[in-house]
Amino acid sequence: MMLMSQIKLDKIQMQAVKHAAGPVLVLGGAGSGKTTVLTNRIAYLVKNGGVKPENVLTLAFTNKEATKLSENLTDLLGKKAEKVTVCTLKQLCVNILRNNIEDLGYNANFTIYDSDDKKRVIKECMNELNINEQKILPRTIYDFITDSKNNYVSCDEAVEAAVEKDDKKIAKCYELYEEKLINNNTIDEDDIIFKTVLLMDVNPKVLKACQKEFEHILVDEYQDVRTIEHILINKIADKSKNLFAVGNDDEGILKWKGADVSYLTDFKANYKKADIITLPQNYRMSKNLMDLSEAVIKNNTIRIEKDMTTANDDGNSTVIYSAYDEREEAGYITDKISAKAGQFSR
């Protein structure tokens, strides 16, 4: 596998890497080198931009991605890479909460409930409030609490906003659920970012300390940002305005988890002085595959127009297969893979 230091950047990629301070959105399709640009941007800031590595925050959306980014940074920066904060938002927030959560009525040794714990406590609340599980499903309340926290809606706000009878019951359950968590010195997984944003609003010193520590904020896969994550990222970046985001609006497939691709497509509206740099070169796909994917993607209604190109050869002709359902589709794909594997094993 080629090391990050061995990858030669093209002209537009280098333009993004060397961009001046301020908000930047690097937009590109699959295989355009977005993450490569982000990693090299960090190295450029440290090596050539006079930025201390400990003042750089790099946010990935999975632990695996964060580990890979760290490895690539080590290749580019050596020991200095250890001083760059590379993590997920949840990892960052847990550290902040451990040091400051007393302001919210918790102790620093709080525990974090998983989804099973959350379901159990919700059922306890429903029993105490005499909510019939046949009329209001526990899952409905579970999802309501998650959606509320993902959109930075507190239990008090939910109770105040509820109008219909069932909505009031659900909101009251959310309120009792929160009381139980505080009494048990516990937060749930949705609280990790929610409570961090709340903490920064309750105690502005926490936010100021974050802003002072992290002068440059870089975010990978920006199309996957949820509302609560958008709020937190913008709070931290608000002072320096040095937000460097990379993403692809055509890869916005996590709406079911609360992701909102409009935070990427409306980047310019949120940051008036932002520059948008589009990476047009696709280094991964064959021309036939790229043309087919572009023909499908261009029908998306919420997207930024991109004129992608590739220097790769045409590749194999594309095949369109219309399956009856997802099982037949999966069967078709696995049969093709098995047939190919059989060719190589002969």
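Residues numbered from 1 in each chain as written. Predicted model: local features only at pLDDT ≥ 70, side-chain atom pairs only at ≥ 80, totals over all residues. Heavy atoms only, no water.

Asks: What should I look at first to understand the sheet that holds strand 6 (residues 216-219) in this one?
Replies: Paired through their backbone hydrogen bonds, the strands of a sheet run either parallel or antiparallel. Judged by pairing direction, the sheet is parallel, and its six strands sit side by side in the order 3-2-6-7-1-8 without closing on themselves. The two strands at the open ends of the sheet, each matched to only one other strand, are strand 3 (85-88) and strand 8 (275-279). Across the sheet, the mean angle separating the axes of adjacent strands is 15° when strand polarity is ignored. As paired strands, strand 2 (residues 56-60) and strand 3 are joined by four bridges and run parallel to one another. Looking at strand 3, one finds that leucine 57 is bridged to threonine 85. Against the sheet, helix 11 (residues 227-237) engages strand 2, strand 6 and strand 7 (243-247), with an angle of about 155° to strand 6. (Pairing = 2+ DSSP bridges. Helix = DSSP H or I, 4+ residues; strand = E, 2+ residues; numbered from the N terminus. Axes fitted to C-alpha atoms, helices over the stretch in contact; angles between N-to-C directions. Contact = heavy atoms within 4.5 Å.)

Asks: Sorry, what's going on with the environment of asparagine 109 here?
Replies: Looking at the element boundaries, asparagine 109 is found in the loop between helix 4 (89-100) and strand 4 (111-113). With relative accessibility at 58%, the residue asparagine 109 sits in the exposed group. The spatial distance from the C-alpha of asparagine 109 to the C-alpha of asparagine 185 is 8.0 Å, given a sequence separation of 76 residues. Beyond its immediate stretch of four places on either side in the chain, asparagine 109 contacts Arg98 and Asn185. (Buried < 20%, exposed > 50% of the residue type's maximum accessible area, 1.4 Å probe, protein only.)

Asks: I keep staring at the nonpolar core and nothing clicks. Help me out?
Replies: Generally speaking, soluble globular proteins have nonpolar side chains that are buried together. Ranked by size, the top nonpolar core spans 62 residues in total, and within it Leu59, Leu92, Tyr222 and Leu243 carry the most contacts. For this core, the leading source of residues is helix 8 (residues 165-183), giving seven residues. Excluding its chain neighbours within four sequence positions, the residues that come into contact with leucine 92 are Leu57, Leu59, Cys87, Phe214 and Ile236. Of all hydrophobic cores here, the second largest spans 27 residues; its members include Val26, Val37, Ala66 and Leu279. (Core = buried A, V, L, I, M, F, W, Y, C linked by side-chain atoms within 4.5 Å.)

Asks: Could you clarify how one ought to interpret the pattern of salt bridges in this entry?
Replies: Side chains that differ in charge, positive against negative, can pair when their charged atoms come close. Inspection of every chain in the model, using the stated rule, returns 19 salt bridges. Between glutamate 128 and lysine 180 there is a salt bridge, with the nearest N and O atoms lying 2.7 Å from each other. Of this pair, glutamate 128 sits in helix 5 (residues 115-128) while lysine 180 sits in helix 8, and the two are 52 residues apart along the sequence. You can call lysine 180 buried: its relative accessible area is 17%. A salt bridge links lysine 287 to aspartate 291, with the shortest nitrogen-to-oxygen separation between them at 2.9 Å. With lysine 287 and aspartate 291 both in helix 14 (residues 287-297) and four residues apart, this pair spans about one turn of that helix. Using a relative accessible area of 34% as the deciding quantity, one classes aspartate 291 as partly exposed. (Salt bridge = Lys/Arg side-chain N within 4 Å of Asp/Glu carboxyl O.)

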